[in-house]
Amino acid sequence: MLESKQSNSRKLYIESYGCQMNFSDSEIVASILVNEGFNTTDKLEEADLVLVNTCSIRDKAEQTVRKRLEKYNAVKRINPKMKVGVLGCMAERLKEKFLDEEKIVDMVVGPDAYKDLPNLLKEIDAGRDAVNVVLSKDETYGDISPVRLGTNGINALVSITRGCDNMCTFCVVPFTRGRERSRDPQSILTEVKDLAEKGYKEITLLGQNVDSYLWYGGGLKKDFKSASKIEKATATSFANLLAMVAKSQPKMRIRFSTSNPQDMTEDVLHMVAKHQNICNYIHLPVQSGSSRILKEMNRQHTREEYIQLVDRIHEIIPNCGISQDMITGFPTETEEEHQETLSLMEHVKYYFGFMFKYSERPGTMAARKLVDDVPEAIKKRRLTEIVDAQRKHSAYRTNSYLGKTVEVLIEREAKKNQNDWSGRNPQSLVVVFPKEQYQLGDFVNVKIKNCTSATLIGEAVGYSDNQQ
Ligand code: SAM
């Protein structure tokens, strides 16, 4: 796939918000549009087409997109021919309503409808508004080779599942991204091989719930029970997929996200332990430390089961980094239940985390059945307490690396000092060290001399064994 075509005359400006999946989807969209005569630009003012890939996960994410639309509106006054399309979860959630609510929008496209973009573009070129928000049973975009956007040429996202069947009561994703389906492992291996040939050094296998990956020839995960005997016998699980990818590119670092505790099986943990190139790091959202709240959230596991899983992870992968997502102030959450979240964090001592105040999302089970009854000030205070606890645990983790030597993949120049490189160790901690003779994309052993709660600071002591 060409990153751009010289003969293309139209310019696409594409912006992404929200989860990694959206960033990955925008690369698929850019790829489809290269064949429609568009090359990407990073200058909004010169765009013929502006696409914004949106997030609905919290109200704040939607407000951010609405503000961006105001900005596009101002630019449209200078460049009236510019067309604006909204992609992703907000498009799926609001559908045609978007056209009424935001006059600037010409096109609304849901996450499963990107292959229809050529037709939708014809509509807007003819001056008509265009909408496609149909969700699919089998679309995985497996046959599309993404155009890498904003890339450092080192890390890449590879999507392996789409949609989500979990129905967490707080979450809008099952409504905006549809039911869960997995991508053909052969197309995943081809994409990874192509990335390796282009010099990429690390991939992240992506999905809302990667551990639930299941390929049995195509179709929805929920329909697996009615698959044929042969389809069942030859199905590929996430553990199988991890092994296939790890073996196919032994020099490439492999990460995956997100792991849902209820679907994480021990064979995945053994695969991580077995393959040196699969990073010892698991993003394992918990959302709450209280079994009652977890039940209200429909998380399908208790506090005790989660702790058992974490303990098994540490047994099977002794130096595994674990990070979390947490929601504070879920409806009916009491002070004691908030304390249970803090005590769970104390037990796990996560490497880092992503922590949010509960935001009621229209259409979700929680919005329909529960009152958003934790006052804003209490949500805020609980969030501060969780963030403070996480900072303490992050510092505990980074301090534990003092004096140790870790392998770092160099990913970019450090933000604070142009004489330093920045990369990550396998546990996903950021490591900063003087550049010396090393280059972007090198695998380097770095001796850790200092740290903050978020960053390890050290000096390179040579290339790691992984350096080619
Ligand atoms: N599929 C993953 C899972 O369920 O663990 C991640 C889903 S989501 C894209 C990322 C995070 O956003 C969630 O893990 C959750 O912490 C947060 N989130 C989702 N819905 C939310 C809501 N209504 N209010 C606040 N945070 C929310």
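Data block above holds the structure.
Residues numbered from 1 in each chain as written. Predicted model: local features only at pLDDT ≥ 70, side-chain atom pairs only at ≥ 80, totals over all residues. Heavy atoms only, no water.

## Describing the pattern of salt bridges
And then number 1: For the structure shown, the criterion picks out 43 salt bridges.
And then number 2: With a shortest N-O distance of 2.9 Å, Arg382 and Glu333 are connected by a salt bridge. One end of the pair, Arg382, is in helix α15 (residues 376–399); the other, Glu333, is in the loop between β15 (321–328) and α13 (335–348), and 49 residues separate them in sequence. The exposure classification of Arg382 matches that of Glu333, with both residues buried.
And then number 3: Notably, a salt bridge pairs Lys349 with Glu346, separated by 3.7 Å at the nearest N-O pair.
And then number 4: The class for Lys349 is partly exposed, based on a relative accessible area of 21%.
And then number 5: Overall, Glu346 belongs to the partly exposed group, its relative accessible area being 35%. (Salt bridge = Lys/Arg side-chain N within 4 Å of Asp/Glu carboxyl O. Helix = DSSP H or I, 4+ residues; strand = E, 2+ residues; numbered from the N terminus. Buried < 20%, exposed > 50% of the residue type's maximum accessible area, 1.4 Å probe, protein only.)

## Digging into the sheet that holds strand β13 (residues 253–257)
And then number 1: Sheet architecture is open: 3 strands sit in the order β7-β10-β13, paired in parallel fashion. Of all strands in the sheet, those bounded by a partner on one side alone are β7 (155–159) and β13. Direction aside, the axes of adjacent strands within the sheet are offset by 25° on average.
And then number 2: Pairing geometry for β7 and strand β10 (residues 202–206), over 5 bridges, is parallel. Bridge pairing in β10 links Asn155 to Glu202.
And then number 3: Relative to the sheet, helix α7 (residues 185–197) contacts β7 and β10, its axis offset from that of β7 by approximately 170°. (Pairing = 2+ DSSP bridges. Axes fitted to C-alpha atoms, helices over the stretch in contact; angles between N-to-C directions. Contact = heavy atoms within 4.5 Å.)

## Remarks on unusual backbone geometry
And then number 1: With omega at 10°, the peptide bond leading from Ser257 into Thr258 counts as cis.
And then number 2: If you trace the backbone, Thr258 turns up in the loop between β13 and α10 (266–274).
And then number 3: Unusually for a residue other than glycine, Lys349 sits at a positive phi of about 50°.
And then number 4: Of note, Lys349 is situated in the loop between α13 and β16 (352–357).
And then number 5: Despite not being glycine, Glu436 has its phi angle at roughly 45°, a positive value.
And then number 6: Structurally, Glu436 is set in the loop between β19 (430–434) and β20 (443–451).

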